[in-house]
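Notes for the structure review
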Amino acid sequence: MGVESLADVLFSGFDVRLTRVTEAAEGPVVDAVACGPPPHCPGCNSLASRVHSSYERGLAGLPVNGQSLTVRLRVRRFFCDRGRCPQRTFVEQVAKLSERYGRSSLRLKQWQHAVAVELGGRPGQRLCRRLRLKAGRTRLLGLLTEPAVPEQAPRVLGPGAHP
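The sections below set out a description of the structure shown in this document. It should be emphasised that the depicted structure is a prediction, and the values quoted were computed from it without experimental measurement.

**A look at the overall build of the chain**
From N to C terminus, the chain includes 4 helices and 5 strands. Counted from the first residue to the last, the chain has its helices and strands arranged as α-β-β-β-β-β-α-α-α. Principal-axis analysis of the C-alpha atoms gives the chain an extent of 65 × 50 × 25 Å. Taking all 163 residues of the chain together, 33% fall into the buried category.

**A closer look at the pattern of salt bridges**
A side chain with one charge can pair with a side chain of the opposite charge if their charged atoms come near. Enumeration according to the criterion identifies 6 salt bridges in this entry. For Glu56, the salt bridge goes to Arg72, with nearest N and O atoms at 4.0 Å. Taken together, the positions of Glu56 in strand 3 (residues 50-64) and Arg72 in strand 4 (residues 67-79) put the pair 16 residues apart, joining distant regions of the chain. Since its relative accessible area comes to 43%, Glu56 is described here as partly exposed. Since its relative accessible area comes to 28%, Arg72 is described here as partly exposed. For the salt bridge of Lys109 with Glu99, the shortest nitrogen-to-oxygen distance reads 2.7 Å. Of the two residues, Lys109 is situated in helix 2 (residues 106-119) and Glu99 in the loop between strand 5 (89-91) and helix 2; the sequence distance between them amounts to 10 residues. The exposure class of Lys109 is partly exposed, given its relative accessible area of 26%. It is possible to trace a salt-bridge network through shared partners that takes in Arg20, Asp31, Glu56 and Arg72.

**Quick notes on the side chain of Ser104**
As for its position among the elements, Ser104 is in the loop between strand 5 and helix 2. In this structure Ser104 touches Leu59, Ala60, Leu97, Gln112 and Arg139, once residues within four positions along its chain are discounted.

**Let's talk about unusual backbone geometry**
Positive phi, normally seen in glycine, also occurs at Tyr101, with a value near 65 degrees. Tracing the backbone through its elements, the reader meets Tyr101 in the loop between strand 5 and helix 2. Even without being glycine, Arg132 reaches a positive phi, approximately 65 degrees. Counting through the fold element by element, Arg132 comes out in the loop between helix 3 (122-131) and helix 4 (137-143). With a relative accessible area of 43%, Arg132 lands in the partly exposed category.

**A look at the pairing of strand 2 (residues 28-34)**
By the criterion of burial, strand 2 is predominantly enclosed, with 6 of the 7 residues buried. Where strand 1 (residues 16-23) folds back on strand 2, the antiparallel hairpin that results is connected by 4 residues, among which Gly27 adopts a positive phi of roughly 150 degrees. The pairing of strand 2 with strand 4 spans 5 bridges and is parallel. Across the sheet, Ala32 pairs through a bridge with Leu73, a residue of strand 4.

**Comments concerning the state of the cysteines**
Per the stated rule, a full pass over the model turns up 0 disulfides. There is no disulfide at Cys44, and the cysteine sulfur nearest it, in Cys80, is 3.5 Å away.

**A short note on the pairing of strand 1**
Where strand 1 and strand 2 come together, 7 bridges link them in antiparallel fashion. Within strand 2, the residue paired with Val16 across the bridge is Ala34.

Criteria and cut-off values
Residues numbered from 1 in each chain as written. Predicted model: local features only at pLDDT ≥ 70, side-chain atom pairs only at ≥ 80, totals over all residues. Heavy atoms only, no water. Helix = DSSP H or I, 4+ residues; strand = E, 2+ residues; numbered from the N terminus. Buried < 20%, exposed > 50% of the residue type's maximum accessible area, 1.4 Å probe, protein only. Salt bridge = Lys/Arg side-chain N within 4 Å of Asp/Glu carboxyl O. Contact = heavy atoms within 4.5 Å. Pairing = 2+ DSSP bridges. Disulfide = S-S within 2.5 Å.

Next comes the structure, spelled out in structure tokens:
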């Protein structure tokens, strides 16, 4: 399978260019570069025009052929040129692939969330290990959100209770 066809499988619909694929002990390592249009500043929503720098971030991806996938994604850091914006610099995010401070691809995070909802912490961790999904029990439990609380809680609970 060529690099171009692998890019179609892994990054179809993303603003990402695949540069290299290597093999590591844990599984394949994919080097990619974010190549989308300049993003909007998360602080003031103005369009970025100047690149500050770039760096490589690691993302765990969905397993490929039973092996863990690691994506080394090169992203750009931009200046926000608006004087009153509290955000001096910010990093571009690849829509549907990465999120701020995330170490997992958004697809992997969705899978981890589904496991956490069904199994919880330790059992979910064991299943993730078997499926080659990178997730510990605290990661799985951290993905769960608390249910919405009604504005007014019931005053009396139990069968035949009358308000």
